[in-house]
Amino acid sequence: MWNIATPSGFGGAARHTAAFIKPNRIVRDLSGLPALLGRFGPFEIRLATTSREVRKAQRLRFKVFFEEGHAMPRQGAALTRRDICPFDKACDHLLVIDQDQRNRFGRKKPKIVGVYRLLRGDTAARHQGFYSATEFDIAPLLARHPGKRFLELGRSCVHAQYRSKRVIELLWRGLWVYAKHHCIDVLIGCASLPGVDPLALALPLSFLHRHALADEEWRVRPLAGRGVDMAVLGGKAIEARKGVAALPPLLKAYLRAGAKFGDGAVIDARFGTTDVFTILPLGDLEERYQDYYGGPMEMPESYVA
């Protein structure tokens, strides 16, 4: 959980002033993992440790999901310009930070340009469960694999000016370090296609159902009354190359890494998306990806794997 460290030893005037300062010393317990996971050029990959960093991640999410995308903010989010979710407090937040950014006065002002939200199974069990369970019936999956350690990925986005291979790879490298440190067996989560009309998404949905459907032991289905059929097109109407091309970049990345998908999609009207359930046992992650993301990168001297 979040541990609130409050200042002590201040005089009356300082205490009075502190009452009007938004708290920033909410420190995340990283379970022995350093906050800084690596560097590449001007970019750092790190975990959020303060409430300020989490708020900045939420602002980037708001910019991408609500200002660029078609998501509909609730009143509170519209006022704060942050994508605030009840699950955020239980999650770790993976950040890519551009350390070379400067403000209008020329002073350095590091900028968060990419984020991933991470929720481990043991943490989810102590709180409100997995976010995915609000759309998909994941209880049978967890029951079939009681000894597995699950990590849910969510709220992934990259600033429009930074959607390069380098930033996306940094997110994946940070994710790999995090997963190895916590002995994660399986990555899960909701991945989104833009739009809420299954007919308009017939090609990518049908492609995933025909070519990347999870085996029954890993298969997940939508909650009762929430699901839409993914098998919209007949088999002959699905051209694999066009099917892959119709996928959003993140879904393409999951597919290339060896991910499989659940049976049925869920329409998320608030975010203007159609969500599919993604499953990637790390033992199935292609060896070339394991070697690449686990390979050398500029690392802080204090890090010991």
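Residues numbered from 1 in each chain as written. Predicted model: local features only at pLDDT ≥ 70, side-chain atom pairs only at ≥ 80, totals over all residues. Heavy atoms only, no water.

**What about the overall build of the protein chain?**
Then, in step 1: Helix and strand content of the protein chain: 10 helices and 14 strands.
Then, in step 2: Every one of the 305 residues in the protein chain was classed for burial, and the buried ones make up 47%.
Then, in step 3: Residue pairs in contact within the protein chain that sit at least 24 positions apart in sequence constitute 76% of those at least 6 positions apart.
Then, in step 4: Per element, the accessible surface of the protein chain, about 15600 Å² overall, is 54% carbon and sulfur. (Helix = DSSP H or I, 4+ residues; strand = E, 2+ residues; numbered from the N terminus. Buried < 20%, exposed > 50% of the residue type's maximum accessible area, 1.4 Å probe, protein only. Contact = heavy atoms within 4.5 Å. Areas by Shrake-Rupley, 256 points an atom, 1.4 Å probe, with all protein chains shown as cover.)

**With respect to the side chain of arginine 46**
Then, in step 1: By secondary structure assignment, the location of arginine 46 is in strand 4 (residues 43-47).
Then, in step 2: Of the polar contacts made by the side chain of arginine 46, one reaches the side chain of glutamate 53; its length is 3.4 Å.
Then, in step 3: Among all residues touching arginine 46, those that are not within four sequence positions of it are Ala35, Leu36, Leu37, Glu53, His93, Leu94, Leu95 and Ile97. (Polar contact = N/O pair within 3.5 Å; in protein donor to acceptor, adjacent residues only side chain to side chain.)

**Re unusual backbone geometry**
Then, in step 1: Phi is positive for arginine 81, close to 60°, though the residue is something other than glycine.
Then, in step 2: On the basis of relative accessibility, which here comes to 41%, the residue arginine 81 falls in the partly exposed class.
Then, in step 3: The phi dihedral of arginine 155 falls on the positive side, at around 50°, and the residue is not glycine.
Then, in step 4: Along the chain, arginine 155 falls in strand 8 (residues 150-158).

**What about the nonpolar core?**
Then, in step 1: If you look at the biggest cluster of nonpolar residues, it comprises 48 residues, and the most contacted ones within it are Leu94, Tyr116, Leu118 and Val276.
Then, in step 2: Those residues within four positions of valine 276 in sequence are excluded, and the remaining contacts are Phe136, Gly189, Cys190, Ala191, Leu193, Leu205, Leu208, Met230, Leu251, Phe261 and Ala265.
Then, in step 3: Cys85, Leu119, Phe136 and Cys190 belong to the second largest nonpolar core, which has 21 residues in total. (Core = buried A, V, L, I, M, F, W, Y, C linked by side-chain atoms within 4.5 Å.)

**Let's talk about a positive patch on the surface**
Then, in step 1: Together, Arg52, Lys56, Arg59 and Lys109 make up a positively charged patch on the protein surface.
Then, in step 2: Here arginine 52 is to be found in helix 2 (residues 51-68). (Patch = residues over 30% accessible without salt bridge, like charges linked within 9 Å, V, L, I, M, F, W, Y side chains within 5 Å. Salt bridge = Lys/Arg side-chain N within 4 Å of Asp/Glu carboxyl O. Lys, Arg positive; Asp, Glu negative; His and termini not counted. Charge placed at Lys NZ, Arg CZ, Asp CG, Glu CD.)

**Side note on the layout of surface pockets**
Then, in step 1: Volume-wise, the second largest pocket comes out at about 480 Å³.
Then, in step 2: In terms of lining residues, the second largest pocket is bounded by 19 residues, among which Lys56, Lys109, Pro110, Lys111 and Ile112 are the most central.
Then, in step 3: Where the lining of the second largest pocket is concerned, the elements lending two or more residues are strand 4, helix 2 and strand 6 (111-120).
Then, in step 4: Sort the elements by how many residues they give to the lining of the second largest pocket and helix 2 lands first, with seven residues.
Then, in step 5: Residue classes in the lining of the second largest pocket are distributed as four nonpolar, four polar and 11 charged. (1 Å grid on protein atoms, 1.4 Å probe; cavity = no way out; pocket = protein on both sides within 12 Å on 5 of 7 lines; lining within 4 Å. Points joined across faces, edges and corners; volume = space filled by probe spheres on them. Nonpolar A, V, L, I, M, F, W, Y, C, P; charged D, E, K, R; others polar.)

**Thoughts on the state of the cysteines**
Then, in step 1: Under the definition given, this model contains zero disulfides.
Then, in step 2: Between cysteine 85, a free cysteine, and cysteine 91, which holds the nearest cysteine sulfur, the sulfur-to-sulfur gap is 7.3 Å.
Then, in step 3: The class for cysteine 91 is buried, based on a relative accessible area of 1%. (Disulfide = S-S within 2.5 Å.)

**Quick notes on the pattern of salt bridges**
Then, in step 1: Inspection of the entire model under this criterion finds 17 salt bridges.
Then, in step 2: A salt bridge links aspartate 88 to arginine 61; its shortest N-O distance comes to 2.9 Å. Of this pair, aspartate 88 sits in the loop between helix 3 (75-80) and strand 5 (92-98) while arginine 61 sits in helix 2, and the two are 27 residues apart along the sequence. For the residue pair aspartate 88 and arginine 61, the accessibility class agrees, reading buried in each case.
Then, in step 3: Linking glutamate 216 and arginine 219 is a salt bridge whose minimum nitrogen-to-oxygen distance equals 3.3 Å.
Then, in step 4: A single salt-bridge network, built from bridges that share partners, covers Arg61, Asp83, Asp88, Arg117 and Arg155.

**Notes on the confidence of the model for the protein chain**
Then, in step 1: When pLDDT is averaged along the protein chain, the result is 85, and 84% of the positions lie at 70 or above.
Then, in step 2: In the predicted structure, residues 1-22 sits below a pLDDT of 50 and forms 22 contacts with residues beyond four places in sequence or in another chain.
Then, in step 3: Low pLDDT, under 50, characterises residues 299-305; the predicted model gives this stretch 10 contacts beyond four residues in sequence or across chains. (pLDDT = per-residue confidence, 0-100.)

**Here's the deal with the environment of aspartate 83**
Then, in step 1: Mapped onto the secondary structure, aspartate 83 falls in the loop between helix 3 and strand 5.
Then, in step 2: In sequence terms aspartate 83 and arginine 155 are 72 residues apart; their C-alpha atoms lie 9.4 Å from each other.
Then, in step 3: Among residues more than four places away in sequence, those in contact with aspartate 83 are Gln58, Arg61, Phe62, Phe65, Phe66, Asp88, Arg155 and Phe271.

**Some points on helix 6 (residues 165-181)**
Then, in step 1: The end-to-end C-alpha distance of helix 6 is 24 Å, a good match for the 24 Å that 17 residues give at a rise of 1.5 Å each.
Then, in step 2: Within helix 6, the full set of buried residues consists of Val167, Glu169, Leu170, Leu171, Trp172, Arg173, Gly174, Leu175, Trp176, Val177, Tyr178 and Ala179.
Then, in step 3: Downstream of helix 6 by a residue or two, cysteine 183 has a phi angle that is positive, lying close to 55°. (Expected span 1.5 Å × (residues − 1).)

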